[in-house]
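Observations on chain architecture
The chain contents come next:
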Amino acid sequence: FPSHDIIKQCLEKDIIDEIIISIHPILLGGGVQLFPQGFDKVELELLDTKSYKDGLVQLSYRKK
C-alpha cells in the first residue's frame, strides 16, 4: 500500500481530523507524489503554522 492510497482512503471515510504537512528545505529532484493524479479535491482550512530555525515549516490543516 503506497502511503497516498492510505491517505486517500482515510479522507474518503472522513476519519482524519487534522493534516500536518512538513516542508523541508531540501530539493531532491524526484520522489513519490503525496497526492496522485485523479485525487478528488479536498478543501482545507489552515489551523496553524510553525517555523523552525533549521528552515523546516509545518502547516496544520483540517477539512472545511
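The text that follows walks through the structure, step by step, so that each part is easy to find. These numbers come from a predicted model, not from an experiment.

**A closer look at unusual backbone geometry**
A positive phi angle, close to 55°, is found at Asp 14, a residue other than glycine. Among the structural elements, Asp 14 can be located in the loop between helix H1 (3–12) and strand E1 (19–23).

**Regarding the pattern of salt bridges**
In the structure shown here, the tally under the stated rule is 3 salt bridges. Between Lys 63 and Asp 14 there is a salt bridge; the shortest N-O distance is 3.3 Å. Of the two residues, Lys 63 sits in strand E3 (residues 57–63) while Asp 14 sits in the loop between H1 and E1, which places them 49 residues apart along the sequence. The class of Asp 14 is exposed, set by a relative accessible area of 54%. For Glu 43, the salt bridge is made with Lys 41, and the minimal N-O distance between the two is 3.5 Å. Assessed through its relative accessible area of 43%, Glu 43 is described here as partly exposed. The class for Lys 41 is exposed, based on a relative accessible area of 72%.

Criteria and thresholds
Residues numbered from 1 in each chain as written. Predicted model: local features only at pLDDT ≥ 70, side-chain atom pairs only at ≥ 80, totals over all residues. Heavy atoms only, no water. Helix = DSSP H or I, 4+ residues; strand = E, 2+ residues; numbered from the N terminus. Salt bridge = Lys/Arg side-chain N within 4 Å of Asp/Glu carboxyl O. Buried < 20%, exposed > 50% of the residue type's maximum accessible area, 1.4 Å probe, protein only.

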